[in-house]
There are 2 protein chains.
Amino acid sequence: MDVGTFFLQLIAIFAAAKIGGELARRVGQPAVLGEMIGGIVVGVSGLGLVEPHEPVIHLLAELGVVLLLFLIGLETDLRKLLSVGGPSTIVAVVGVALPLISGYGVMRFLGSQPIVSLFIGASLTATSVGITARVLSDLGHLGDRESQIILGAAVLDDLIGLTLLSIATAVAAGQRLTAMGVGKTASIAFGFVVAAVVVGSVLAPRLIDLITRFKISKGLLFASLIFALTLAYLADAVGSGLIIGAFAAGLVLARCDKGQEIAREIHDLGQFFVPIFFVAVGAAIDLRTLNPLDPHSRQYLVIGLLLSLVGVAGKVAAGFCATGGGLRRLVIGVGMVPRGEVGLIFAQIGLSSGILSAGLYSSVALMVIITTLVAPPILRALLPGGVRRTTHGLSDIVVDGISDGEE
Amino acid sequence: MDVGTFFLQLIAIFAAAKIGGELARRVGQPAVLGEMIGGIVVGVSGLGLVEPHEPVIHLLAELGVVLLLFLIGLETDLRKLLSVGGPSTIVAVVGVALPLISGYGVMRFLGSQPIVSLFIGASLTATSVGITARVLSDLGHLGDRESQIILGAAVLDDLIGLTLLSIATAVAAGQRLTAMGVGKTASIAFGFVVAAVVVGSVLAPRLIDLITRFKISKGLLFASLIFALTLAYLADAVGSGLIIGAFAAGLVLARCDKGQEIAREIHDLGQFFVPIFFVAVGAAIDLRTLNPLDPHSRQYLVIGLLLSLVGVAGKVAAGFCATGGGLRRLVIGVGMVPRGEVGLIFAQIGLSSGILSAGLYSSVALMVIITTLVAPPILRALLPGGVRRTTHGLSDIVVDGISDGEE
């Protein structure tokens, strides 16, 4: 890609994010929904201005979601998160098991092979923690107890999903599964978070102390950025997921003296990168798979709608396994619904390994589109209070505590 | 490149920039010198952690230099710049003519073909406005009259250089030169700046007015960013150079009511991207061309040293064509010395089109390295006052007016 094309794509991304976000807020919806729809308009289904699979756009989008999870971590109180550990775990486990089993069942009923059915079931399990956290933050509810349960469950979901993904990849590559292998993958994914938080809590304050003593310009910003990128890299390298590492880095730094200051610095940077992620998610959505006039795509449309139903029902049911009132449990369930990019990663591995046909890939993609786009407006309707309007130049990815005096 | 590798490169870039910049300041040198040397340490001559030719790093570095020139434009008073138009023009024209003629002469004397000699002469003409502006800003002298002359002359140099470059590219491709063609290229390059400033001055205030009425979060930042990227893109598309477009965008927005506010917003973003550019400049420097123990590379080392001498002498002589005291004229001349990436672009086109041998390419690269690295410490010695130490978390790319209360 030459520099001119790169700049054109950035212009399209920022225009889509800002206009889409603003229009969404005007009709009372979270800005993130507008950013994703803006992405559809400028993406592969629309004007074709943004190519989400271009390496540089993809990498900047990844940096965006990593910064978002780092920010979410910075705003999360580890003790509060651990205090809802019980309900989070139940919601996560049920929210993985139900969609996996019912997705498998639906596909077997429709006559698919066991391996194909398993793959589609697995692609129904993920929760896109980025989208949900962003919606809760847009609506000013990130600090609520329900939100903490969603956040904890979504992170656990990601860890379970990563384990499933490496199993699925191994199966797709024709490898034999061993209980040892599965156990090892799972322990690394979960162990990393624990290790990162424990070791990080010892090292981070010393690092921050050292940096602030040097008076390097923007030293705190760059030190914490390097810390987050390093943890994200390590998490990815040991098989625990980039965003999990970034979230752990945020959890650790939130407990330092300078946690709030770091959050403010990273927040400014996030405003540039986070919208790239959401516009890219929208830009990658291919609406042609939805065409009901094409007889060939019609059967996959029906399968996609069935999978969406199963996917929504499974997560909503999981929410009802939490404690609390009915509305709160509904909020938790709906909060777990968006599959976002995580579901698509499964589908893409299935497609490239030959397990999924192009038609079934479209069905999974449709399920991802529907679950991703329906959750934000439903959450908006369920949660009290309006969408926050920014007046002090602070954006919608601001989360409680940073946005002093904004509300 | 996968995401992990991308993150590793970012970590290396930021560590090199911050540690290098801090060490440079501790020994009383401009931070930008430390960033470039940090780049050498992590780049192709050193640890090999940063690959400046990787597309994503290259594109982010380009975004960095575009943001830097946009910032410099935002801090430049157009009237002040025009008021030194006379001396700037003389310095620019002499600063192109002398190195071109003497470089050509030296190479002809050494027995090179006319076309080869012309190419090397042309690669001696450029001034890297980014490096010089950054040094002046690091030293807190961007507002001085000499600095304005340097800035004006460096921008004119870039425009002349771009015209020479398109001529050289046409010659390298075997095309015939016509006076018409040269005139057209030159008028587009120069005409764009005039058109951008005139049209922009009418449009920009209305645009800013419109955006601020909407209260879009970070609307001012994104509106001005889109404005700058668009002008950079257009400038590049018509053959006038990305950074020229960004500088023009800055000049225009500086004259709006919200100019200072825009500068502050863009400045925060620049702190992330600008160091990527300077570390990438350093990372691309291949010190193996300097090895005096290798008999083969020795002759090219000698040629490179001769070219450096000619390159420094030509620009210093050009500085003495300005008005003012001897020291001031020396400052102007030295300020024009760094060739930076612009000289390397010439050399690379020469290499890839077969006009320059690998050896002569190394000689030009050596000239670029020497001119780029000697100018910052000499300027530092010539200019009164120390290097500014930041204490309020504002960085060294801050320029007068933004950094309230910092000094």
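On a predicted model such as this, the values are computed, not experimentally measured, just so you know.

A. Focus on the overall build of chain A. Helix and strand content of chain A: 16 helices and zero strands. In terms of overall dimensions, chain A is globule-like: its C-alpha atoms have a radius of gyration of 20 Å, near the 22 Å expected for 407 residues. Projected onto its principal axes, the C-alpha coordinates of chain A cover approximately 65 × 50 × 50 Å. Out of the 407 residues in chain A, the part that is buried amounts to 59%.

B. Structural context of the nonpolar core. In terms of nonpolar packing, the biggest core is built from 204 residues, with A:Phe273 and B:Phe273 touching the most fellow members. The contacts of B:Phe273, once residues within four sequence positions are left out, are A:Phe272, A:Phe273, B:Leu60, B:Leu63, B:Gly64 and B:Leu67.

C. Focus on a nonpolar patch on the surface. Residues and elements named next belong to chain A. Judged by side-chain polarity, Phe-109, Leu-110, Val-302, Leu-306 and Leu-309 come together as a nonpolar surface patch covering roughly 540 Å² of accessible area. Take the nonpolar patch: its biggest share by element is three residues, from helix 13 (residues 295-319). Inspection of the secondary structure assignment puts Phe-109 in helix 5 (residues 85-109).

D. Highlighting the relation of the copies chain B and chain A. After a rotation of 180° and a shift along the axis of 0.1 Å, chain B superposes on chain A with an RMSD of 0.1 Å. Both copies of the chain, as the preceding transformation shows, are related through a two-fold rotation axis. For chain B, the smallest separation between a C-alpha atom and the rotation axis is recorded for B:Val56, amounting to 2.6 Å. A share of 100% of interface residues in chain B that are also interface residues in chain A marks the association as one of identical surfaces.

E. Region of the structure containing the packing of helix 14 (residues 326-335) of chain A against helix 16 (residues 358-382) of chain A. Residues and elements named next belong to chain A. Remark: helix 14 packs on helix 16, axes separated minimally by 10 Å, with the N-to-C direction vectors making an angle of 165°. Here helix 14 is positioned roughly antiparallel relative to helix 16, judged by the angle of their axes. Seen from above, helix 14 lies across helix 16 with left-handed handedness. Listed contacts from helix 16 to Leu-327, Leu-330, Val-331, Val-334 and Gly-335 of helix 14 are Ala-375, Ile-378, Leu-379 and Leu-382.

F. Layout of the interface of chain B and chain A. Taken together, the 46 residues of chain B in the interface contact 46 residues of chain A. The contact between chain B and chain A buries some 4300 Å² in all, and 78% of this surface belongs to carbon and sulfur atoms. Together, B:Phe7, B:Leu59 and B:Phe222 form the three largest contributors to the area buried by chain B at its contact with chain A, with a combined 15%. Seen at the junction of chain B and chain A, the total is zero salt bridges. For the interface between chain B and chain A, the tally reads zero residue pairs in polar contact (both at pLDDT 80 or more). Of all elements in the fold, only helix 1 (3-26), helix 3 (55-74), helix 10 (219-237) and helix 12 (259-283) of chain B reach the threshold of two or more residues within the side of chain B that touches chain A. Among the elements that line the side of chain B that touches chain A, the one with the most residues is helix 1 of chain B, at 13 residues. Considered class by class, the residues forming the side of chain B that touches chain A number 27 nonpolar, eight polar and 11 charged.

G. Structural detail: the packing of aromatic side chains. Tallied over the entire structure, the rule returns 13 aromatic pairs over all chains. An angle of 50° between the planes, with centres 5.0 Å apart, marks the rings of A:Phe14 and B:Phe222 as tilted. Of this pair, A:Phe14 sits in helix 1 (residues 3-26) while B:Phe222 sits in helix 10, on two different chains. Here A:Phe14 and B:Phe222 have matching classes, each one buried. Taking the centre distance of 5.0 Å and the plane angle of 75° together, the rings of B:Phe277 and B:Phe278 count as edge-to-face. Residue B:Phe277 is classed as buried on the basis of its relative accessible area, which comes to 4%.

H. The arrangement of the side chain of A:Glu265 in detail. Residue placement: A:Glu265 occurs in helix 12 (residues 259-283). Other than its neighbours up to four places away in sequence, A:Glu265 contacts A:Lys218 and A:Leu221.

I. Examining helix 12 of chain A more closely. Residue and element names in this part refer to chain A. A rise of 1.5 Å per residue sets the reference length of helix 12, with its 25 residues, at 36 Å; its end C-alpha atoms lie 34 Å apart and thus fit the reference within 8%. The largest bend along helix 12 reaches roughly 45° and is located at Gly-270. Among the 25 residues that make up helix 12, 21 are buried, leaving the element largely enclosed by the rest of the structure.

J. Spotlight on the packing of helix 13 of chain A against helix 16 of chain A. All names here are of chain A. Contact pair helix 13 / helix 16: the axes reach a minimum separation of 8 Å and the direction vectors enclose 45°. When the interaxial angle is binned, helix 13 and helix 16 end up oblique. In this structure, the crossing between helix 13 and helix 16 has a hand that is right-handed. In contact with Tyr-300, Leu-301, Ile-303, Gly-304, Leu-305, Leu-307, Ser-308 and Val-312 of helix 13, helix 16 contributes Gly-359, Leu-360, Ser-363, Val-364, Leu-366, Met-367, Ile-370 and Thr-371. Across the contact of helix 13 with helix 16, the residue classes tally to 11 nonpolar, five polar and no charged.

K. Molecular detail of the pattern of salt bridges. All names here are of chain A. Applying the stated rule across the entire model yields 14 salt bridges over all chains. Its salt-bridge partner being Glu-22, residue Arg-25 comes within 3.9 Å of it at the nearest N-O pair. Of this pair, Arg-25 and Glu-22 are both found in helix 1, three residues apart, which corresponds to roughly one turn of the helix. The class for Glu-22 is buried, based on a relative accessible area of 5%. With a shortest N-O distance of 3.1 Å, Arg-26 and Glu-22 are connected by a salt bridge. With Arg-26 and Glu-22 both in helix 1 and four residues apart, this pair spans about one turn of that helix. The network of salt bridges with shared partners includes Glu-22, Arg-25 and Arg-26.

L. Fine view of the confidence of the model for chain A. All names here are of chain A. For chain A, per-residue confidence averages 85 on the pLDDT scale, and residues scoring 70 or more make up 94% of the total. Per-element mean pLDDT across chain A ranges from 76 in helix 15 (residues 340-352) up to 94 in helix 1. In the predicted structure, residues 388-407 sits below a pLDDT of 50 and forms 67 contacts with residues beyond four places in sequence or in another chain.

Conventions adopted
Residues numbered from 1 in each chain as written. Chains lettered and ligands numbered in written order. Predicted model: local features only at pLDDT ≥ 70, side-chain atom pairs only at ≥ 80, totals over all residues. Heavy atoms only, no water. Helix = DSSP H or I, 4+ residues; strand = E, 2+ residues; numbered from the N terminus. Rg over C-alpha atoms; globule rule 2.2 N^0.38 Å. Buried < 20%, exposed > 50% of the residue type's maximum accessible area, 1.4 Å probe, protein only. Core = buried A, V, L, I, M, F, W, Y, C linked by side-chain atoms within 4.5 Å. Contact = heavy atoms within 4.5 Å. Patch = residues over 30% accessible without salt bridge, like charges linked within 9 Å, V, L, I, M, F, W, Y side chains within 5 Å. Areas by Shrake-Rupley, 256 points an atom, 1.4 Å probe, with all protein chains shown as cover. Salt bridge = Lys/Arg side-chain N within 4 Å of Asp/Glu carboxyl O. Least-squares fit on C-alpha atoms with pLDDT ≥ 70 in both. Axes fitted to C-alpha atoms, helices over the stretch in contact; angles between N-to-C directions. Parallel < 35°, antiparallel > 145°, perpendicular 65-115°, else oblique. Left-handed = near helix turned anticlockwise from the far one by under 90°. Buried area = accessible area lost by both parts, 1.4 Å probe. Polar contact = N/O pair within 3.5 Å; in protein donor to acceptor, adjacent residues only side chain to side chain. Nonpolar A, V, L, I, M, F, W, Y, C, P; charged D, E, K, R; others polar. Phe/Tyr/Trp six-rings, centres within 6.5 Å; stacked < 30°, edge-to-face > 60°. Expected span 1.5 Å × (residues − 1). Bend = angle between axes of the 7 residues up to and from the residue. pLDDT = per-residue confidence, 0-100.

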